[in-house]
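Given next are the chains, with one letter for each unit.
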Amino acid sequence: MILTITMNPSIDIAYPLTHFQIDDVNRVADVRKTAGGKGLNVTRILNQLGSNVVASGLLGGVLGEAIKKDLTSDGIQHDFLPISGETRNCIAILHDGAQTEILESGPVILESEASTFLTHLKKLADKADVIAISGSLPKGLPTNFYCDMLAVCHGKQVVLDCAGPALEAVLNGDIKPTMIKPNITELSALLDRTITTQLSDLKAALNHPLFEGIEWVVVSLGADGALAKHADTFYRVTIPKITVVNAVGSGDATVAGMTAALEQGASDDVVLRQGNTLGMLNAQEAMTGYVEMENYKALYTQIKVENV
């Protein structure tokens, strides 16, 4: 079983507009509302893959109930810890070929709720084969809370997709995740220098002591594919050119594909091919966290994974 964790989920609201009128009324005919947050994007892709997946994290209020209802209607198992605060909205205004986002910060988590969640997580983690933790931490939780969660999940394969101080805390902690997936901007921020897409620069970056003890580091490079380090082996992943409709959630789809492959004990080649295939499939769709599996094989066979 795969357990996905979303600590700061949301109701994602998309407002598509031909043109966004500043300081005026904008009427939206086609509004899309979905259960959102990086971990729930991962969950939906895993569900489409046919994986046995359970979604968990923190949910509160009317919007939290709406997310549970949405997941249930999609046939997705879930076991969230209820909190006193209200789950957030995240609004994306799609206009003039651009996307403007308005993101609420979300609820403030009480100390008692944080402690109760770790107990809740332990019960779920004991039943899981792989755990995928994605996204930001809500207010009220300390920066090193993912370290506490990793301690609870110790002995399990954990894929962690987060950034900023929370990721830095994990990298400097004692218990490491199995896999992390920074993009090149996040990698540069971690090492406090600009990392280029040059192979030598990327390899030097991933050999930094900061990443010691992490089995997999996968750096997403957008249209340039990815560079991955598994133990002491480096892989360059080259992807075909595609028409991008909506790139939001593509990183989450990549995480889902790699997580499912890890659960299956797949080869390095399959881990990287499956992850990148699903990331591209998500980018070809207007809906975030959705892939058209009929196109899977055609893209999968075009990906090149080279030992470098």
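Counting restarts for each chain: residues are numbered from 1 in the order of the written sequence. Restriction of local features to residues with pLDDT of at least 70 applies here, the model being predicted, together with a cutoff of 80 or more for giving and counting side-chain atom pairs; totals for whole chains, interfaces and linings are based on all residues. In computing side-chain properties, one takes all heavy atoms of the structure into account and sets aside hydrogens as well as water.

An unreviewed UniProt entry annotates the protein as Tagatose-6-phosphate kinase originating from Staphylococcus microti. Among the UniProt annotations of the protein, the heading Pathway (unreviewed entry) holds the following wording: "Carbohydrate metabolism; D-tagatose 6-phosphate degradation; D-glyceraldehyde 3-phosphate and glycerone phosphate from D-tagatose 6-phosphate: step 1/2." UniProt positions are given in the numbering used here, feature names are shortened, and annotations may be inferred rather than shown by experiment. What UniProt states about the protein under its Catalytic activity (unreviewed entry) heading is, verbatim, "D-tagatofuranose 6-phosphate + ATP = D-tagatofuranose 1,6-bisphosphate + ADP + H(+)".

(A) Broad picture of the sheet that holds strand β2 (residues 10-17). Pairing is mixed across the open sheet formed by four strands, whose spatial order is β3-β2-β7-β8. Looking along the sheet, the strands with just one partner apiece sit at the ends: β3 (32-36) and β8 (98-103). For this sheet the average axis-to-axis angle between neighbouring strands, irrespective of direction, equals 20°. Here the rule is simple: two strands pair whenever DSSP picks up at least two bridges between them. Under the DSSP-based scheme used, a helix requires at least four consecutive residues in state H or I and a strand at least two consecutive residues in state E, with every element numbered from the N terminus. Bridging between β2 and strand β7 (residues 88-95) involves eight bridges; their strand directions are parallel. Residue pairing for β7: Ser10 is matched across the bridge by Arg88. Packed onto the sheet, helix α2 (residues 61-73) meets β2, β3 and β7 and runs at close to 85° relative to β2. Axes, fitted as lines to C-alpha atoms, cover a helix only where it is in contact. Angles between the N-to-C directions of the axes lie from 0 to 180 degrees. We call two residues in contact whenever any of their non-hydrogen atoms come within 4.5 Å of each other.

(B) Region of the structure containing the environment of Ala35. On the secondary structure map, Ala35 appears in strand β3. A C-alpha to C-alpha distance of 21 Å links Ala35 and Met1, two positions 34 residues apart in sequence. When neighbours within four sequence positions are excluded, Ala35 is seen to be in contact with Ser10, Leu40, Arg44, Ile67 and Asp70.

(C) Quick peek at the UniProt feature "domain: Carbohydrate kinase PfkB" (unreviewed entry) in the protein. UniProt records the feature "domain: Carbohydrate kinase PfkB" (unreviewed entry) for residues 6-289 in the present numbering. Here residues 6-289 is 36% helix and 24% strand, with 14 Å between the C-alpha atoms at its ends.

(D) Looking closely at helix α6 (residues 184-191). Burial here depends on accessible area, computed with a 1.4 Å probe over protein chains only, as a share of the maximum for the residue type. Under 20% is buried, over 50% is exposed, and the range in between is partly exposed. Among all positions of α6, only Ile184, Leu187, Ser188, Leu190 and Leu191 are buried. Taken down its axis, α6 places every buried residue within 160° of arc, on the same side. Exposed side of α6, more than 90 degrees from the buried face: Thr185 and Ala189 are the residues found there. Positive backbone phi, approximately 55°, marks Asp192, located one or two places after α6. Arc, as used here, means the arc of the directions from the helix axis to the C-beta atoms.

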